[in-house]
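Topology and contacts: notes
Residue strings, one per chain:
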Amino acid sequence: MKILAIESSCDETAAAVIEDGRKICSNIINSQADEHALYGGVVPEIASRGHVEAISAVAQAAVREAGMAFDDVDAIAATCAPGLIGALLVGANYAKSLAWSLGKPFIPVHHIRGHIAANLLAFPELEPPFLCLSASGGSSMIVLVRDYTDMEILGGTRDDAAGEAFDKVARVLGVGYPGGPKIDRLAQDGDDKAYVLPRSHVDGAPLDFSFSGLKTAVINLAHNAEQKGEEIRVHDLAASFSAAVSDTLVPRLKLAAEQTGVRTLVAAGGVAANSRLRADLEAMAAELGVPIYMPPLSLCGDNAAMIGAQAYYEFLAGNTGTIWQNAFATAEISEKICQKHGIAKKRAKR
């Protein structure tokens, strides 16, 4: 089964053709990062307009690279939640219209489920159940994946997501957007013990975490140094910050593994590309004597291949959508977003 998948939840317009949820036939990404860097972060309206301009050409390129025509695909999928609502609507409406015109099934996909499914493309042997640390710009959570479409959040951030914290710290340090890869590169030449930064703990919720205090600590440190005329050692601060993020995330995944007894670990999301986090996760897994799977860097960020991979399993589970399918800025990973279209349908009938 070959699925044409569309991803437009933030500032990447992406399309891919995926076979049986495991094989990448094509994977096209049009990034707007350089344009948004001018503003220090993603501007939702600009992102939406960028998707409108690029989506048709990107989808055509994905089908062409797969050596197919639109009529040859078996289903159309799109990210329908969570994300920037305007950006999501562009991709979802394009995919729904294409599916309707071709007479193909439409499959709505949860963005975070897609990030987790990126590992299915890289590791053919990987099967549920497993525990996943999903960390990106929009969310950070520990997920128990019982089956391909049966997931439960065991712990998550109480405020900022890890990727959001990377972007904000990068802005404070003046290194620009996107912050994650730039902080990572700076940290390679820094001393991770040069600056003392907090590691959060949430009373009564040992698997939850917080990044607002860490972010604020870096901002205050930078402002105090500026007021005193002191120089910030950017490489050292980047390394210290990366270590603090990893020290916040990794122990909680370890605790979740010990509490649940699940013996397979997975990482996903844009922050999973961070070299310090990857090294610490590997060391933790070795300590526990369990395998850990992390997608290649090319599949950590937003892409449509991961959406196509998850879409295959959503289709097998019967989670298909209709022309009434809506998009949602927020949605729990446990929700079946294909069932969240009733309001739009009722309004249309009026």
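Cut-offs used in this document
- Residues numbered from 1 in each chain as written.
- Predicted model: local features only at pLDDT ≥ 70, side-chain atom pairs only at ≥ 80, totals over all residues.
- Heavy atoms only, no water.
- Helix = DSSP H or I, 4+ residues; strand = E, 2+ residues; numbered from the N terminus.
- Rg over C-alpha atoms; globule rule 2.2 N^0.38 Å.
- Buried < 20%, exposed > 50% of the residue type's maximum accessible area, 1.4 Å probe, protein only.
- Contact = heavy atoms within 4.5 Å.
- Areas by Shrake-Rupley, 256 points an atom, 1.4 Å probe, with all protein chains shown as cover.
- Lys, Arg positive; Asp, Glu negative; His and termini not counted.
- Charge placed at Lys NZ, Arg CZ, Asp CG, Glu CD.
- Pairing = 2+ DSSP bridges.
- Axes fitted to C-alpha atoms, helices over the stretch in contact; angles between N-to-C directions.
- Salt bridge = Lys/Arg side-chain N within 4 Å of Asp/Glu carboxyl O.
- Core = buried A, V, L, I, M, F, W, Y, C linked by side-chain atoms within 4.5 Å.

1. As for the overall build of the protein
- Assigned secondary structure in the protein consists of 11 helices and 10 strands.
- Whereas a compact globule of 350 residues would reach a radius of gyration of roughly 20 Å, the protein reaches 20 Å, a difference of no more than 12%.
- Here the protein, with 350 residues, has 54% of them falling under the buried criterion.
- Counted over contacts in the protein with a minimum sequence separation of 6, partners at least 24 positions apart contribute 72%.
- Accessible surface computed for the protein: about 14700 Å², of which carbon and sulfur atoms make up 50%.
- Counting 31 positive and 41 negative side-chain charges, the protein places the centres of these two groups 6 Å from one another.

2. Side note on the sheet that holds strand S1 (residues 2–7)
- Strand order in the open sheet formed by 5 strands is S3-S2-S1-S4-S5, and the pairing between neighbours is mixed. The sheet is open, and its two edges are formed by strand S3 (23–31) and strand S5 (106–110), each paired on a single side. The average angle at which neighbouring strand axes cross in this sheet is 20°, direction not considered.
- Packing of helix H3 (residues 85–102) onto the sheet brings it into contact with S1, strand S4 (75–81) and S5, and relative to S4 it is tilted by some 155°.
- Of the strands in this sheet, S1, strand S2 (12–19), S3, S4 and S5 are in contact with helix H10 (residues 305–316), which crosses S1 at around 125°.

3. Re the environment of Ala285
- Following the sequence through the fold, Ala285 ends up in helix H9 (residues 275–288).
- For Ala285, a relative accessible area of 2% puts it in the buried group.
- Between the alpha carbons of Ala285 and Arg263 there is a distance of 9.5 Å; along the sequence they are 22 residues apart.
- Once you skip the residues sitting within four places of it in the chain, Ala285 turns out to touch Val290 and Ile292.

4. So, the side chain of Ser134
- With respect to the helices, strands and loops of the structure, Ser134 is situated in strand S6 (residues 130–135).
- The exposure class assigned to Ser134 is buried, which follows from its relative accessible area of 0%.
- Ser134 has contacts with Ile112, Ser139, Ser140, Met141 and Ala268, leaving out every residue within four places of it along the chain.

5. Details of the pattern of salt bridges
- Under the counting rule described, the total for this entry stands at 15 salt bridges.
- Where Asp208 meets Arg158, a salt bridge forms, and the shortest distance between an N and an O atom there is 2.7 Å. Pair noted here: Asp208 is in the loop between helix H6 (179–187) and helix H7 (212–228) and Arg158 is in the loop between strand S8 (150–156) and helix H5 (162–173), with a separation of 50 residues, a long-range link.
- In this structure, Lys168 and Glu164 form a salt bridge, with 3.0 Å as the shortest nitrogen-oxygen distance. Of this pair, Lys168 and Glu164 both sit in helix H5, 4 residues apart, which is roughly one turn of the helix.
- Given a relative accessible area of 22%, Lys168 falls into the partly exposed group.
- Overall, the relative accessible area of 26% leaves Glu164 in the partly exposed class.
- Salt bridges here are not isolated pairs; linked through shared partners, they connect Asp160, Glu164, Lys168 and Lys215.

6. Side note on the sheet that holds strand S10 (residues 292–293)
- Spatially, 5 strands are ordered S8-S7-S6-S9-S10 in an open sheet, and the strand pairing comes out mixed. Only two strands of the sheet have a single neighbouring strand rather than two, namely S8 and S10.
- Bridge count for S6 against strand S9 (residues 265–268) is 4 bridges, and the pairing is parallel. Among the inter-strand pairings, Cys132 is bridged to a residue of S9, identified as Val266.
- The sheet strands contacting helix H8 (residues 234–260) are S6, strand S7 (140–147), S8 and S9, and the helix crosses S6 at an angle near 160°.

7. Considerations on the nonpolar core
- Formed by 47 residues in total, the largest nonpolar core has its most connected members in Leu131, Phe241, Leu249 and Leu281.
- Put simply, the parts of the chain that give this core at least two residues each are S6, S7, H5, H6, H7, H8, S9 and H9.
- By residue number, the principal contributor to this core is H8, which donates 11 residues.
- Leaving out residues up to four positions away in the same chain, Leu249 has contacts with Leu133, Ala135, Ala162, Phe209, Phe211 and Leu277.
- Formed by 37 residues, the second largest nonpolar core is a distinct cluster that contains Ala5, Ile107, Tyr148 and Tyr293.

8. Focus on unusual backbone geometry
- Ala81 connects to Pro82 through a cis peptide bond whose omega is -20°.
- Mapped onto the secondary structure, Pro82 falls in the loop between S4 and H3.
- In this model, Tyr177 is joined to Pro178 through a cis peptide bond whose omega is -5°.
- Examined against the element boundaries, Pro178 turns out to sit in the loop between H5 and H6.
- Backbone geometry at Asp20 places phi at a positive 50°, although glycine is not the residue there.
- In this fold, Asp20 is placed in the loop between S2 and S3.
- The class for Asp20 is partly exposed, based on a relative accessible area of 32%.

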